[in-house]
Amino acid sequence: MVAPELVKAAQSGDREALVGILREIETHVYRTAYYLLGNEQDALDASQEALIRIYTKIQSYEEKALFKTWVQRIVTNICIDKFRKTKPTVSIDEYEMTFTTPRDVEDEVMIGYLAKDIKDAIEKLPDHHRSVVVLRYLQDFSYHEIADCLGLPLNTVKSYLFRARQQLQGLLQDYQKGGVRG
C-alpha cells in the first residue's frame with residue numbers, strides 16, 4: 001500500500017508526501033466506506049471525513065500496526081459512528097459491472113442480480129459482522145489485521161466471520177429462491 005518512507009516523510013512535515021499518501025489511499029478508503037455504509041453519498045462523506053482525520057492525525061501514527069490497518073481503523077470507526085447516528089439507507093443504485101469477455105444478455109442480467117444480491121445481503125448483516133466481512137473479503141485483510149483495525153481479539157474476529165458467512169449463506173439462499181428479491 002503506502003511505503004514506510006513516505007509515511008515518515010509526511011510525519012516530518014513533508015506536505016507533498018502527505019498529499020501523495022492521501023491520493024494513494026483514497027480509493028481504498030472510499031471502497032471500505034461504501035461497503036460498510038451501503039450508499040454512495042454516505043460513503044463519500046465518510047471518506048472525506050477519514051481523509052481529513054488522517055491528514056490531521058498523521059503525527060499520531062505509530063509503527064505498532066501497519067499503516068493500512070491504522071487507516072482502515074479510522075475509516076471503520078467513522079462508519080460505525082455513522083451507523084449509531086442513523087441507520088444506513090438502502091441504496092437503489094444498480095451495481096455497475098464491466099465485462100472483459102463477451103457474454104449473452106441473460107448471463108449479464110444474472111451476474112448483475114448476483115452482485116446486487118450479495119451487496120444487499122452484506123447490507124443486511126449486523127454492523128459488527130458487516131465490518132469484518134468488508135475488511136476480509138473486499139479489502140483482503142488478514143484476521144490479525146482485522147483484529148488490530150477493529151480493536152477486537154482474534155477469536156472474536158473469527159467468530160464474527162463464521163457467523164457472518166452463515167448469515168450470508170442463508171440470505172443468499174433466500175435470494176436464490178426468490179423469497180427476498182421483489
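Residues numbered from 1 in each chain as written. Predicted model: local features only at pLDDT ≥ 70, side-chain atom pairs only at ≥ 80, totals over all residues. Heavy atoms only, no water.

- In the annotation of an unreviewed UniProt entry, the entry for the chain reads Sigma-70 family RNA polymerase sigma factor, and the organism field reads Paenibacillus lutrae.
- Comment text from UniProt for the chain, heading Sequence similarities (unreviewed entry), reads "Belongs to the sigma-70 factor family. ECF subfamily." (UniProt positions renumbered as here; feature names shortened; annotations may be inferred.)

## Quick notes on the environment of Thr-76
Part 1: Looking at where Thr-76 falls in the secondary structure, it is placed in helix 4 (residues 67-85).
Part 2: Owing to a relative accessible area of 0%, Thr-76 belongs among the buried residues under this scheme.
Part 3: Sequence separation between Thr-76 and Cys-149 is 73 residues; the distance between their C-alpha atoms is 8.0 Å.
Part 4: Not counting the four nearest positions on each side in its chain, Thr-76 is found in contact with Thr-32, Leu-36, Ser-131, Leu-135, Cys-149 and Leu-150.
Part 5: Side-chain polar atoms of Thr-76 contact the backbone oxygen of Gln-72, separated by 2.7 Å. (Helix = DSSP H or I, 4+ residues; strand = E, 2+ residues; numbered from the N terminus. Buried < 20%, exposed > 50% of the residue type's maximum accessible area, 1.4 Å probe, protein only. Contact = heavy atoms within 4.5 Å. Polar contact = N/O pair within 3.5 Å; in protein donor to acceptor, adjacent residues only side chain to side chain.)

## A closer look at the nonpolar core
In summary, soluble globular proteins display a tendency toward joint burial of nonpolar side chains.
Part 1: Judged by nonpolar contacts, the single largest core of 46 residues is most densely connected at Ile-25, Phe-67, Trp-70 and Val-71.
Part 2: Listing elements by their share of this core, those giving two or more residues are helix 1 (4-11), helix 2 (15-37), helix 3 (40-57), helix 4, helix 5 (105-124), helix 6 (127-138), helix 7 (143-150) and helix 8 (154-177).
Part 3: Considering each element in turn, this core owes the most residues, 11 residues, to helix 2.
Part 4: Contacts of Trp-70, omitting those with residues within four sequence positions, involve Ile-54, Lys-57, Ile-58, Ser-60 and Tyr-61. (Core = buried A, V, L, I, M, F, W, Y, C linked by side-chain atoms within 4.5 Å.)

## Topic: the pattern of salt bridges
Part 1: What the rule picks out here adds up to 5 salt bridges.
Part 2: Linking Glu-62 and Lys-64 is a salt bridge whose minimum nitrogen-to-oxygen distance equals 3.1 Å.
Part 3: Since its relative accessible area comes to 45%, Glu-62 is described here as partly exposed.
Part 4: On the basis of relative accessibility, which here comes to 75%, the residue Lys-64 falls in the exposed class. (Salt bridge = Lys/Arg side-chain N within 4 Å of Asp/Glu carboxyl O.)

## A short note on the side chain of Thr-69
Part 1: In this fold, Thr-69 is placed in helix 4.
Part 2: Ignoring any residue separated from it by four or fewer positions in sequence, one finds Thr-69 in contact with Phe-141, Glu-145, Asp-148 and Cys-149.

## What to know about the packing of helix 2 against helix 6
Part 1: The geometry of helix 2 relative to helix 6 is characterised by a closest axis approach of 9 Å and an angle of 140° between their N-to-C directions. If you check the angle between helix 2 and helix 6, you find them oblique. Between helix 2 and helix 6 lies a crossing of right-handed hand. Note on element contacts: helix 6 touches helix 2 through Arg-130, Ser-131, Val-134, Leu-135 and Leu-138, opposite Arg-31, Thr-32, Tyr-35 and Leu-36. (Axes fitted to C-alpha atoms, helices over the stretch in contact; angles between N-to-C directions. Parallel < 35°, antiparallel > 145°, perpendicular 65-115°, else oblique. Left-handed = near helix turned anticlockwise from the far one by under 90°.)

## Quick look at helix 3
Part 1: Here helix 3 spans 25 Å end to end across 18 residues, near enough to the 26 Å set by a 1.5 Å rise per residue.
Part 2: Burial in helix 3 covers these residues: Ala-43, Ala-46, Ser-47, Ala-50, Leu-51 and Ile-54. One side of helix 3 holds all its buried residues, which, seen down the axis, span an arc of 135°.
Part 3: Between the side-chain oxygen at the start of helix 3 and the backbone nitrogen of Gln-41 there is a gap of 3.3 Å, and the oxygen is on Asn-39. (Expected span 1.5 Å × (residues − 1). Arc of directions from axis to C-beta.)

## Comments concerning helix 7
Part 1: Those residues of helix 7 not exposed but buried are Glu-145, Ile-146, Ala-147, Cys-149 and Leu-150.
Part 2: The first or second residue beyond helix 7 is Gly-151, which carries a positive phi of 65°.

## Re the packing of aromatic side chains
Part 1: This model, assessed by the stated rule, comprises 5 aromatic pairs.
Part 2: Between the aromatic rings of Tyr-61 and Phe-67, the centroid separation amounts to 5.2 Å while the plane-to-plane angle is 90°, which identifies the pairing as edge-to-face. Each member of the pair, Tyr-61 together with Phe-67, is buried.
Part 3: Members of the aromatic cluster, joined through ring pairs, are Tyr-30, Tyr-34 and Tyr-35.
Part 4: Taking the ring centre of Phe-141 as reference, the NZ or CZ of Lys-68 above it sits at 4.9 Å.
Part 5: The side chain of Arg-136 reaches across the aromatic face of Tyr-143, ending 5.0 Å from its centre. (Phe/Tyr/Trp six-rings, centres within 6.5 Å; stacked < 30°, edge-to-face > 60°. Lys NZ or Arg CZ within 6 Å of the ring centre and 35° of its normal.)

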